[in-house]
Amino acid sequence: MFPLLLLLFALLPSSHGAQIPSPDQPKEIPVATNGQLFPWDRMRLPKTISPLHYDLSLHPNLTTLDFTGVVRIDLDVHEDTSVVVLHAKKMYISSALLLAPAGTRVLQVLEYPRFHQLALMSDVVLTKGRKYEVQLEFAANLSDSYHGFYKSSYRTSTGEVRVMASTQFEATFARGAFPCFDEPAFKANFTIRIIREPRHIAISNMPKVRTVELPGDLLEDHFDTTVRMSTYLVAYIVSDFQSVSRTTQHGVKISIYAVPEKINQTAFALDAAVKLLDFYDDYFDIPYPLPKQDLAAIPDFQSGAMENWGLTTYRETGLLFDPDRSSASDKLGITKVIAHELAHQWFGNLVTMEWWNDLWLNEGFAKFMEFVSLDITYPELQVDDFFLGKCFEAMEVDSLSSSHPVSTPVENPTQIQEMFDDVSYDKGACILNMLRDFLTPEAFEIGIIRYLKRFSYQNTVNSHLWESLTDICSSDDLDEGRMKHKEFCSKRKDESGASKWYSGDELDVRAIMDTWTLQEGFPLVTVEVKGREVRLSQERFLRTDNPSLTEGFLWQIPLTYMTSASRSVHRFLLKTKSDVLYLPEEVDWVKFNVNMSGYYMVHYGGGGWNSIISLLHHNHTALSGNDRASLIHNVFQLVSVEKVRLDTALELSLYLSRETEIMAVWQGFGELVPLYKLMEKRDMPELENQMKSFIVDLFRGLIDQQEWNDSGSVSQRVLRSYLLLFACVRNYSPCVTKATRLFNQWRDSDGTMSLPVDITMAVFMVGARTREGWDFLYEKYRTSLQMSVKSRLKWAMAVTTMTDKLQWMMEQSLNGEVMKTQDLPDVIVSVARNPHGFKLAWDFLRTHWHTLIQKFDLGSSTISHLVAGVTNQYSTREMLHRGQRSFQATFARGPGRSNTFVLVCFCLLLCSCVQIRSFFDSLTEEAGSQMRCIQQSYETIEDNIRWMDRNLPLLQAWLNKHGSRNHHQEL
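Residues numbered from 1 in each chain as written. Predicted model: local features only at pLDDT ≥ 70, side-chain atom pairs only at ≥ 80, totals over all residues. Heavy atoms only, no water.

(A) Just the packing of aromatic side chains, in detail. A complete count under the given rule lists 56 aromatic pairs for this structure. Ring geometry for Tyr778 against Trp808: centres 4.9 Å apart, planes inclined by 85°, an arrangement best described as edge-to-face. With Tyr778 in helix H20 (residues 771–783) and Trp808 in helix H22 (residues 803–815), this pair connects stretches of sequence that are 30 residues apart. An aromatic cluster is defined as three or more aromatic residues linked by ring pairs; in this entry it consists of Phe279, Tyr280, Tyr283, Phe284, Tyr288, Trp346, Phe347, Phe365, Phe368, Phe444, Tyr451 and Phe455. (Phe/Tyr/Trp six-rings, centres within 6.5 Å; stacked < 30°, edge-to-face > 60°. Helix = DSSP H or I, 4+ residues; strand = E, 2+ residues; numbered from the N terminus.)

(B) Representation of the confidence of the model for the protein. For the protein, per-residue confidence averages 89 on the pLDDT scale, and 89% of positions sit at 70 or higher. Note on residues 875–909: pLDDT is under 50 here. Beyond four places in sequence and across chains, it has 59 contacts. Note that residues 965–971 has pLDDT below 50 and, in this model, 31 contacts with residues that lie over four places away or in other chains. (pLDDT = per-residue confidence, 0-100. Contact = heavy atoms within 4.5 Å.)

(C) How the structure looks around the state of the cysteines. What the rule picks out here adds up to two disulfides. In this model, Cys728 is linked to Cys735 through a disulfide, with the two sulfur atoms separated by 2.0 Å. In this structure, the disulfide formed by Cys728 and Cys735 twists by about -90° around the S-S bond and is classed as left-handed. Overall, Cys735 belongs to the buried group, its relative accessible area being 3%. (Disulfide = S-S within 2.5 Å. Buried < 20%, exposed > 50% of the residue type's maximum accessible area, 1.4 Å probe, protein only.)

(D) Geometry of the nonpolar core. In terms of nonpolar packing, the biggest core is built from 322 residues, with Phe178, Tyr236, Ile338, Phe592, Leu672 and Trp849 touching the most fellow members. Leaving out residues up to four positions away in the same chain, Phe178 has contacts with Tyr54, Leu56, His87, Met91, Phe138, Phe169, Phe190, Val234 and Tyr236. (Core = buried A, V, L, I, M, F, W, Y, C linked by side-chain atoms within 4.5 Å.)

(E) Focus on the pairing of strand E6 (residues 108–112). The sheet contact formed by E6 and strand E7 (residues 117–126) spans five bridges and is antiparallel. What sits directly across from Gln108, in E7, is Met121. Counted between consecutive antiparallel strands, the loop separating E6 from E7 contains four residues, among which His116 sits at a positive phi close to 60°. (Pairing = 2+ DSSP bridges.)

(F) Spotlight on the sheet that holds strand E3 (residues 81–87). Taken together, three strands build an open sheet; the order of strands is E3-E7-E6 and the sheet is antiparallel. Taken across any chain shown, the strands that pair with only one partner, and hence form the sheet edges, are E3 and E6. Shown here is a sheet whose adjacent strand axes are inclined to one another by a mean of 25°, direction ignored. The sheet contact formed by E3 and E7 spans six bridges and is antiparallel. (Axes fitted to C-alpha atoms, helices over the stretch in contact; angles between N-to-C directions.)

Next comes the structure, spelled out in C-alpha cells:
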C-alpha cells in the first residue's frame, strides 16, 4: 500500500524549476508598447555597444515618494548600428538625445517591458570605433519593495516616522533606478550627483567632492567618479543618518552609518571593518582601490547585506551591536557578514563573474573568506567550529534531483535570483575549502592572488580561476603574487616530484574542479576494509527511489584518511568509479574525509560502521570534533538512502551523552530533532513524546552542566544558549522552573533587570507561554532600540501556543507598522515550525502569495526560504478529515487498528502533498510556478514519505528498547 501512495504522488503533475527556453523553440516576435516591432529579440543585450561612463543626476522626493533623473552615457561602438538597446524598468522616459560630434539628435524610444529593455532608434548610423553619448531624462516611483531605488522608514523613540531612500541593485534592479546596461560584463565608471533637502544627507560609492546650493532650498551633492565597475554595485542613500569614522593602517576612511538613535551601537562594527579591511589589503597583496568604505545599517533590507563598492549596506541586525545586550551569536554573525562583504571588494567587485551562471565565483569565495579572515583576525570567535554546518546545509539541497551545478546556465531575472542559494554560497565555499586543503593553504593563496591580479577590473569564468591555480610556481610576468611566497615555491622545487599533490604533469586543477562545478550533486564514497586492502567506490548521493538518476556521475575526489595505527593524514585522489589502496598494516578502524575537509559523504561497508561506533562509545576523543560531527551527519543521511539501518544510526548517537564539543552536539540535535518533527504534525503524540524524551535524556548531563551566565568561549556560549532553550521548549523541569523565576523577576522590574544575554532566549520563550507574559514581551519589542534584543523577543513570541497571537504576528509583520515587513518571512517560518501554528502559516502563505512575491521578488532566497520553511514536513489530521474522508473510511474497515493508524499517517502526509501541489500547480509562470524551490519542496515531502514508510516501525521498536519511559509533557 505504501509504494502505491508514492506512485500516486509521483503521478501528480510535476514542476522542475525555472526553465531556460530551448534554442529550437520559435521565438516570440517582440513588439514595443507603441505597437512597433522591437529591434532585439533576446533577453541578453547585444554586444554592438558598451558603456564607458555614466554621468547620473538624481532628485528623489521623500514626500511624494518618487524621483526624477538625467543620465548621460558615453558609448563605445563595436559594430555599425543605428540602435542602442539597454535596460529600464517601470520608468517614464521623457527625453532621449544622441550627443554626437555632428550635433544633437532626438532618439526615438521603444519600450519592451517583457525584457525590461529600451531601444534608442537613431536616424544616423553609429560608426564602429567611434565614441558617442546618449542623454535620457526619466522619472519613476520609489520602489515599495526591497530592490531598485526604494523607500525605507523607521520610527523614533517618540513615535515619529522618518522616511529615507536606499538602493539594492543586485542582481537585475539597477534598471529600475536609471536606464543602464544592466549586465555584469558591461563595466563602466560612474559620476553621480544627488539633489536633496538640507535635513538629509546623501552618500554613494565614492566620497563627496562638493555640495552646490540650488533654488528651492535644495542642495546637490557631487560625488567623485568611481572605478570601473558593474551596474549592480552602484549605490546611493538619502537619509538623516549619522556616522562614526576611523582610518585603516592603509589610509582608507571607514565610516558606519545608522539612524541617530542607534549610532551608539556601531563601535564594534567600526573596529571589525577597520581590522578586516587591513587584513584583506595584506592578504590579497592588492591595495583597496577606493579612498573610503562606508557601512550603512538600513532599517528596511531584504537580504543580509550587499557589497556595493565603497558603500556596503546591511540589515540593522547585521551591523549594530550593543555590548550589554547582544549575544555571542550576534557578535559572531555581525563579524562574519562584515568579513563577507569586505571580501567582495576583491572577489566580485575588483574581479567579477562574466555572467550570473558563475555567481559562485563571487559568493562562494566571499563565504569562504569569511572563515579564512576571521580565523586569523578574530581567533577568539572560533569560526572553524561553524564552517562544517555550511557544508551540511549545502548537502541538504544538493542531495535532491532538483539541485543544480555550481556553474549553471541562467537567463531571465527569476533564474538569476535562484542562483543566490546554498549551492552558490555554501557549496562554493566548501569546494574551495577542499581545494585549499588539496593544494595546501600556501599554494592556494598564491593562486588566488594571481587570479585577482590577472583579472582586476575585468570579468571572469570558471576556467580563469583554475588556470590561475595551476602550476603556480611557474615564471609569469603577471604573477606577482608568487613573490610573496617565493620560499614556498623554492621549497617545492627542491622536493621530489613524487607527490601527486604538486607535480605539474599529474595535477590538472581544471579537470578536477570541473567535476565539482559543472555537474550537480556530490559523491558518496563507500569504503570497505579487508585486511590491508581498502576498496573504494563512488556514486552520487541522491535522496530518490529512482536509481537511474544516480547514473553517469563521476568526480575526481581528493580523499583524506587516518587510521587507528597512524594519526597522520593520508591522501589519495580517486579518479575512477572504483579503486583500491593498501595500508601498511591492518588496523582497527579507518576514518575517511578527515575533519570533513572534502565535500563528500562516506559509507563504511562491511563491519566498518560497527568499528566506528565502538570507537565513539569507548574513546570518542580519538577523533576530532569535526570528524565526530561528520560521522553523525553521514550515518543518519545514509539511512534515508537505505545504506544504513536506522537502529545503527541511533546506536551511534548514544555516545552523544558524553559529547561536549559544539559541532558534534549541534549535529546530534540536527539529526535527531527532525525525527520527532516528522511526527509532530501527524497526530502521533505517544511516539513523538517518546522521541523527545530520548533526546532530552541523551543530553541531560550536558544541559545540567550549563551555568545561567555569559561565561566561556564564543562556542561555549552559543552552545549554552541552544541547550537551555531546547531544554525549556521540551519542558525539562529544572530549566522551566529557573527560566520562569527569572522571567517573573525581569517582568516585575519592568524589564530593567539585567539578564545574562545567553539565557534570554530560554527566559523569553517560557514567558511567552502566558497571555500576560506574551503581551509584556510585545511591549518590550515595540519600545526597544536594540536590534538583537528585538530579534530574540520576536522569536520567543512566535513559539507561543496561542494561535491568535501567532496569526496577529503574521498580520502585523505584513502591515509593517511595528513589526517590520522585512521580518515577515522569518515570522511566517517561525510560526510554521510551531506545532500550534503550521496550519496558520500555510494558509497565510497561500492567501498572501502574490503580495509576498511582489514584495520579496520571484526566485529570491527569501521566497525559497518561505516555501521550504512552510511546506517542509507539512501535514495535519484536519487536512485528512477535510479532504480525504474516503481514505479514512477505507482504512477504518481494515484488519487492525495499528496498521490503520500508520496508513492514516501516511495518507495524511500524502493529502498535504496533494494540497501543496494543487496550490503551486495552479500558479502561472509569472507567479512562480516554475521556481526550483517548489520542486525541492515536492522532493523533500516525497523523501519524508519514504522515510516514514521504511523506518517508523523500527524507530518505535528501538525507542521501546532504549528510550526513556519518563515522557516529558508536550508543549
